[in-house]
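Overview (structure and organization)
So the chains spell out like this:
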Amino acid sequence: MPMQTNVSPSTVDPAEVARFSKLSDEWWDPNGKMAPLHKINPLRIGWIRDAACRKFNRNPRSLASLEGLRILDIGCGAGLLSEPLARLGAQVIGIDPSESNIAAAKMHAARSSLLIDYRATSVEEMGNLERFDLVLAMEVVEHVTDVGLFLERCAALMKPSGMMVVSTLNRTVKSFALAIVGAEYVLRWLPRGTHQWSRFITPAELAQHLHKSRLEVTEQTGVVYTPFADRWSLSSDMDVNYMVTAEAYS
Amino acid sequence: MAEYQRIVIGGGGFAGLALALALRKGLGTAFEVVVADPSLATRPSSDPRASAIIAAGRNLFEVLGVWSVVAPHAQPIVDMIVTDSQLEDVMRPAFLTFAGDVTSSRGPTTSETDAPARPFAHMIENRFLIDALVNACVAQGVVLRTCAVTGFENHRDAIAVTLDDGETLEARLLVAADGGRSALRERAGIATNGWEYDQSGIVVTVSHERDHHGRAEEHFLPAGPFAILPLTGRRSSLVWTEARDEAERIVALPADDFRRELEQRFGLHLGELRAETTPRAFPLGYFVARSFIGDRLALVGDAAHVIHPIAGQGLNLGLKDVAALAEVLVDAVRLGLDPGQAPVLERYQRWRRFDTMAMGIATNGLNLLFSNRSALLRTVRDIGLGLVDRMPPVKNVLIKQAAGLSGEVPRLLRGESL
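About the criteria used
Residues numbered from 1 in each chain as written. Chains lettered and ligands numbered in written order. Predicted model: local features only at pLDDT ≥ 70, side-chain atom pairs only at ≥ 80, totals over all residues. Core = buried A, V, L, I, M, F, W, Y, C linked by C-beta atoms within 7 Å. Buried ≥ 20, exposed ≤ 12 C-beta atoms within 10 Å, placed from the backbone. Helix = DSSP H or I, 4+ residues; strand = E, 2+ residues; numbered from the N terminus. Domains from an automatic or database assignment. Contact = placed C-beta atoms within 7 Å. Pairing = 2+ DSSP bridges. Axes fitted to C-alpha atoms, helices over the stretch in contact; angles between N-to-C directions. Arc of directions from axis to C-beta.

**Topic: the nonpolar core**
In this structure, Leu136 of chain A together with Ala18, Leu19, Leu133, Ala298 and Val300 of chain B are the most contacted members of the largest nonpolar core, which totals 174 residues. In terms of residue count, helix H8 (residues 314-333) of chain B provides more of this core than any other element does, 12 residues in total. Mapped onto the domain boundaries, this core takes at least three residues apiece from domain 1 (6-194 + 285-414) and domain 2 (211-283) of chain B. Those residues within four positions of Leu19 of chain B in sequence are excluded, and the remaining contacts are Ile9, Val175, Ala177, Val300, Val322, Leu325 and Ala326 of chain B. The next biggest cluster of nonpolar side chains, apart from the first, holds seven residues, and it includes Leu169, Leu178, Ala183 and Val240 of chain A.

**Looking at the sheet that holds strand S13 (residues 168-171) of chain B**
All names here are of chain B. Strand order in the open sheet formed by three strands is S11-S12-S13, and the pairing between neighbours is antiparallel. In this open sheet, the two edge strands, each paired with only one partner strand, are strand S11 (149-154) and S13. The mean angle between the axes of side-by-side strands here comes to 25 degrees, regardless of whether they run parallel or antiparallel. Note that strand S12 (residues 159-163) and S13 share four bridges and pair antiparallel.

**Some details on helix H7 (residues 203-212) of chain A**
Residue and element names in this part refer to chain A. Taken as a whole, H7 has its buried residues at Leu206, His209 and Leu210. Angularly, the buried residues of H7 cover 100 degrees about the axis, an arc narrow enough to put them on a single face. In H7, the exposed positions angled more than 90 degrees off the buried face are occupied by Ala204 and Lys212. Where H7 is buried, its residues touch helix H5 (147-156), strand S5 (158-169), strand S6 (215-226) and strand S8 (241-248). Arg214 sits one or two residues past H7 and shows a positive phi near 60 degrees.

Rendered as structure tokens:
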């Protein structure tokens with residue numbers, strides 16, 4: 001197992017490498033800044049995997065359940081979702097507008113000996129040539145300026161038989177209390193100002209936007225946090241965090 | 001793009017070997033599973049002790065494919081009596097009797113339920129089970145190393161495990177299955193909470209003239225519980241508690257004197273007795289590790305906890321660790337996750353640590369309740385046991401609890417594959 005990073009020595013500034021390495025460590029430290037993401041990760045990967053296995057007729061107990069599926073991971077950060085999906089056999093393209101996130105992601109994937117195509121780009125700049133079986137927009141739509149346009153671009157990147165997965169935050173009194181006051185101010189999980197409540201989107205609004213891109217919601221679930229057990233679980237309660245899958249309708 | 005994947009298990013007892021086998025069954029050839037223990041060089045095993053395997057443990061061994069191999073050596077416990085006696089009592093009235101089948105909902109002996117009735121436990125000599133597990137591990141491609149783990153170092157994405165032949169193995173996870181005095185636990189700096197009892201357990205196998213008919217007996221004598229556990233043939237395994245000094249004195253006695261002490265406690269209902277193994281005294285204690293996990297490290301079995309043998313649950317707690325850890329690790333790998341990462345191991349810890357403490361506290365309470373001479377306490381506990389004996393629903397709950405089939409049961413203990 002290679003413990004060294006495979007960065008070619010000739011053209012890379014060592015100070016830059018050190019910076020990205022530190023950033024990568026921050027993302028991948030399960031007890032560090034990204035701890036909440038590490039905690040919720042198994043649950044969301046499980047839901048994505050199970051939905052994909054139903055859709056593409058795969059065995060979720062296989063260690064290569066996503067073999068050969070082309071997956072676009074939008075807003076991939078340092079690859080917390082891309083790497084597990086790649087390990088399950090998928091061909092993953094991870095995109096993120098942040099150059100440093102992409103550098104950190106590449107560094108970690110090399111250390112894990114995983115082949116993942118990371119690109120510092122956005123869906124708008126993806127061009128029209130590539131199509132994916134699975135397009136993932138996890139915790140992204142609450143950060144974009146035009147949700148309709150964003151989802152239209154995502155839809156254009158799907159194969160006709162493909163599936164989209166969107167996870168985001170609902171705009172309710174409860175989500176204001178929990179996601180803004182709770183997560184940013186009380187628990188300090190997230191830096192203040194991470195989320196703007198007014199940009200949160202209700203499941204109905206999301207379904208409407210998807211519909212305009214000729215997609216319909218096929219499955220949906222709420223995701224709830226139980227503080228006492230320190231545990232995330234799936235729930236019918238979609239008042240705060242929720243996920244949906246969408247497919248083309250004819 | 002294959003990453004090299006490996007899990008190293010330090011310790012080749014029941015827990016380590018069963019875990020290796022479960023991981024191999026769940027993960028296939030994608031992971032290399034290594035068991036390191038110098039005692040693996042001694043084959044066949046010469047362990048003279050015997051263990052009670054409850055129904056849940058049997059389910060696990062069935063899924064792992066070793067039960068059919070050891071079944072001829074397993075004595076079903078079909079009946080169990082509990083008495084509360086003074087040494088000098090001529091008669092020992094039974095306050096609690098269990099006719100012992102685990103059935104789904106009704107009385108313990110009804111046969112018209114959907115699940116076939118099964119004995120709630122079997123007694124088996126350790127050596128048969130260890131040999132069957134080792135052979136199954138070899139057949140399943142588990143890498144057995146006759147080395148001790150001498151050190152480990154965390155490298156963020158892997159743990160580097162050093163063996164005493166000098167080799168270093170990079171692994172995703174190191175499992176400490178190296179027993180109650182776990183060197184790996186100590187090396188990881190994980191402290192334990194617990195205490196020593198002022199009691200030792202004398203372990204000996206005896207043969208007797210008459211058949212035991214699969215009946216287990218537990219006599220609550222003033223010095224502590226005295227358990228007669230049936231083995232195949234006209235033999236029984238004893239777990240005999242005494243104050244520490246007294247235990248040392250008894251095991252050192254010449255054979256005839258030892259037999260007299262034995263008969264005084266055992267009684268003569270099975271005819272003449274003879275010790276088949278050299279009696280040995282083990283100091284009894286209780287502890288639970290303050291954490292069941294560390295950085296890329298998980299503790300299972302006696303390395304994580306040792307409890308009073310009063311209820312015969314020590315091994316079975318360990319098997320529950322094995323089943324839970326195997327399930328957690330296999331689930332994680334099926335999600336493409338690194339099985340040595342903290343969130344994965346935390347699921348194991350949440351699942352097992354509380355359950356273990358509850359069992360530890362319950363067995364400690366039993367021991368305090370029974371190991372004394374107070375007449376008042378004796379009356380209270382006998383009324384309690386007598387009541388339990390007359391209430392079939394309560395008894396069934398106790399039997400299910402004793403069989404390990406209550407609470408959040410891991411898939412392997414329910415007899416399901418991973």
